[in-house]
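What follows is each chain in one-letter form.
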Amino acid sequence: MTYAQSADVIEQLMSQLFDMSALAPMPQHGASAETVLGELAQRKAHDPDFHSNHLFGLVYQTERAELERVVAQANEMYLWGNALNIVKFPNLTRLEFEVVAMVGDLLHLPQGGGGTMTSGGTESILMSMLVNRERAKARGVDKPQILAPYSAHPAYAKAAKLLEMEYATFALDGDYRADVGAARAAVTPRTAVIVANAMSFPYSSIDPIPELAALAMEHGIGCHVDACIGGFVLPFLERLGYDVPPWDFRVPGVTEISADVHKYGYASKGSSVILHRDSDWVAHQFFMFGDWPSGLYGTPAVPGARPATTMATAWAVLKHLGIDGYVELTRQAMETTTKIRAAIEAIPDLYIVGKPIGTTLAFGSNTVDIHQVGDVLSDKGWHLDRNVEPPSLHMMVSPGHRLVVDQFLADLNEAVVQGTLSFRGA
Ligand SMILES: Cc1ncc(COP(=O)(O)O)c(C=O)c1O
């Protein structure tokens, strides 16, 4: 399927979703467990196979059977819990605190810091922007602004929309990192928070975080580091001896960090952590309400009912892997990334975009239509995301890709040859 065709498919799907009359109503009589589960299995067969290791995004394969057993059993064990009521399920709250403490320790959260778990990177970012908005409002700022590099994830724009904040971006430098001069020029009296990436989604770049955090401190505002990807990569790259620029709470002025356990933390979907340098600020995340017939109601983030599975799974994965396990998985993913990068650099028609750090990268071309190369790879069963600026293909490399990397590189070489032929009109 070509890139243009996938856009058509999305449009078609959307129109079907909005056409409720075309969808089956609830059956009058229930079907047997076998029938229902059989149909689900049939439907699932049309989804990409996680264990094929053909996806370079969305999911993070380790090909570690023991880890997958831990994830599956932790999910099953906690299937029916609800972390909404901490009095009824105090053990879940304890698991959540322990996850926050473990991730806090990893990212050098100082004494006095705090945080919560959320359902994912977007919710962690939303909670951080809420806290930064409240802090700005307390200083008398009327419509607080989020100031982010152009490479920031759309979750910041979404947060701005939901929280009625202004969203402004500043330019990147020649290596696709945040341009500090541009950030300095863009700060206004309404800026509540400066965003910095570690690593950015499109380019896998780490922004100049010490400089951006210093700028934030100069203005007495927040500096949120988006480590949704990097939070479970960079600490282990550092331990492996790679040169990792400063990015975590060791940098003065960094006020919040988001880190996703459901990305390179290798937990199943639904878990992220938002950390605040000062635990007093966590209170701004909380919603408390008592003016209704059932008394006091409080939540730490967006949802009311919260699945216990995400907390139990995140906890179990962190405990199961430990620092050594993550270091080993990061080593595997990094070795595969290095192999892919070297192979791309050896293909004259391709170039690596910017100066990626870690296990994700993008590559473009000045001589072939790179999205067409992506289409050929799609036909061969590989899933790579597309960047549009510059046109490039985007890869998030997981430890499991070590098993298929040679086949991928052979297919990439072929796809480039096909792309070259069609680009030259042959
Ligand atoms: C850098 C970055 N931040 C935030 C997010 C949002 O995370 P989620 O999709 O878990 O909400 C992503 C998702 O890919 C990301 O790459």
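These figures come from a predicted structure and were not determined experimentally.

A short note on the pairing of strand S11 (residues 360–364)
Within S11, 5 of the 5 residues are buried, leaving the element largely enclosed by the surrounding structure. The two faces of S11 match: Thr360, Ala362 and Gly364 on one face and Leu361 and Phe363 on the other face are all buried. In the sheet, strand S10 (residues 351–352) pairs with S11 via 2 bridges, with the strands oriented antiparallel. When the bridges of S11 are listed, Tyr351 appears paired with Gly364.

Quick notes on a nonpolar patch on the surface
Together, Val36, Leu37 and Leu40 make up a nonpolar patch on the protein surface, roughly 280 Å² of accessible area in all. Its place among the elements puts Leu40 in helix H2 (residues 33–44).

Looking at the packing of aromatic side chains
Taken as a whole and judged by the stated rule, the model has 11 aromatic pairs. Plain terms: the ring middles of Phe287 and Phe289 are 6.1 Å apart, the flat faces sit at 10° to each other, and that makes the pair stacked. Of the residues examined, Phe289 reaches a relative accessible area of 37% and is grouped as partly exposed. Summarising the aromatic geometry, the rings of Trp292 and Tyr297 are spaced 6.2 Å apart at their centres and angled 85° between planes, so their arrangement reads as edge-to-face. Note on Trp292: relative accessible area 43%, which makes it partly exposed. By the ring-pair criterion, three or more aromatic residues cluster together here, those being Tyr60, Phe232, Phe236, Tyr264, Tyr266 and Tyr326.

Side note on the side chain of Asn387
Within the secondary structure, Asn387 is located in strand S12 (residues 385–388). Only 2.9 Å separates the side chain of Asn387 from the backbone oxygen of Pro202, close enough to count as a polar contact. Contacts of Asn387, omitting those with residues within four sequence positions, involve Pro202, Tyr203, Ala362, His371, Ser392 and His394.

Section: the sheet that holds S10
Strand order in the open sheet formed by 4 strands is S10-S11-S13-S12, with antiparallel pairing between adjacent strands. Two strands bound the open sheet, and with one partner strand each, they are S10 and S12. With respect to the sheet, helix H12 (residues 370–379) is in contact with S11, S12 and strand S13 (391–396), its orientation differing from that of S13 by roughly 45°.

So, helix H4 (residues 90–106)
The end-to-end C-alpha distance of H4, which contains 17 residues, comes to 24 Å, matching closely the 24 Å that a straight helix rising 1.5 Å per residue would cover. Leu92, Thr93, Leu95, Glu96, Val99, Val100, Val103, Gly104 and Leu106 are the residues of H4 that are buried. His108, located one to two residues past H4, shows a positive phi value of around 60°.

A few points about the packing of helix H3 (residues 65–77) against helix H11 (residues 308–345)
For the pair H3 and H11, interaxial distance at closest approach is 8 Å and the crossing angle is 150°. Between H3 and H11, the interaxial angle falls into the category roughly antiparallel. Regarding H3 and H11, the two cross each other, and that crossing is right-handed. On the side of H3, the interface is formed by Glu66, Leu67, Val70, Val71, Ala74 and Asn75, while H11 contributes Thr309, Ala312, Thr313, Ala316, Val317, His320 and Leu321.

Structural notes on the domain arrangement of the chain
We note that the domain assignment places domain 1 (73–319) and domain 2 (324–423) within the chain. Its C-alpha centre places domain 1 at a distance of 29 Å from the equivalent point of domain 2. With 24 residues of domain 1 at the contact, the number on the domain 2 side is 24 residues. Summing both partners gives a buried area of about 2,200 Å² for domain 1 against domain 2, and 64% of it is carried by carbon and sulfur. The interface formed by domain 1 and domain 2 contains 1 salt bridge. A salt bridge links Asp175 to Lys355; the nearest nitrogen and oxygen atoms lie 3.2 Å apart. In this assembly, domain 1 and domain 2 are joined by 10 residue pairs in polar contact (both at pLDDT 80 or more). Among the secondary structure elements, those contributing two or more residues to the side of domain 1 that touches domain 2 are helix H9 (234–239) and H11. When residues of the side of domain 1 that touches domain 2 are assigned to their parent elements, the largest contribution, 4 residues, is made by H9. Looking at the side of domain 1 that touches domain 2 residue by residue, the classes come out as 20 nonpolar, 2 polar and 2 charged.

A closer look at the packing of helix H5 (residues 121–138) against helix H6 (residues 155–162)
Helices that pack against each other are described as a pair by the angle of their axes relative to one another and the distance between those axes. Contact geometry for H5 and H6: axes closest at 9 Å, N-to-C directions at 50°. Comparing the axis directions of H5 and H6 gives the class oblique. As for how H5 packs across H6, the hand of that crossing is right-handed. Of the residues in H6, those in contact with Thr122, Ile125, Leu126 and Met129 of H5 are Ala155, Tyr156, Lys158, Ala159 and Leu162. Of the residues assigned to the contact of H5 with H6, the class counts are 7 nonpolar, 1 polar and 1 charged.

Reading the values: rules and limits
- Residues numbered from 1 in each chain as written.
- Predicted model: local features only at pLDDT ≥ 70, side-chain atom pairs only at ≥ 80, totals over all residues.
- Heavy atoms only, no water.
- Buried < 20%, exposed > 50% of the residue type's maximum accessible area, 1.4 Å probe, protein only.
- Helix = DSSP H or I, 4+ residues; strand = E, 2+ residues; numbered from the N terminus.
- Pairing = 2+ DSSP bridges.
- Patch = residues over 30% accessible without salt bridge, like charges linked within 9 Å, V, L, I, M, F, W, Y side chains within 5 Å.
- Areas by Shrake-Rupley, 256 points an atom, 1.4 Å probe, with all protein chains shown as cover.
- Salt bridge = Lys/Arg side-chain N within 4 Å of Asp/Glu carboxyl O.
- Phe/Tyr/Trp six-rings, centres within 6.5 Å; stacked < 30°, edge-to-face > 60°.
- Polar contact = N/O pair within 3.5 Å; in protein donor to acceptor, adjacent residues only side chain to side chain.
- Contact = heavy atoms within 4.5 Å.
- Axes fitted to C-alpha atoms, helices over the stretch in contact; angles between N-to-C directions.
- Expected span 1.5 Å × (residues − 1).
- Parallel < 35°, antiparallel > 145°, perpendicular 65-115°, else oblique.
- Left-handed = near helix turned anticlockwise from the far one by under 90°.
- Domains from an automatic or database assignment.
- Buried area = accessible area lost by both parts, 1.4 Å probe.
- Nonpolar A, V, L, I, M, F, W, Y, C, P; charged D, E, K, R; others polar.

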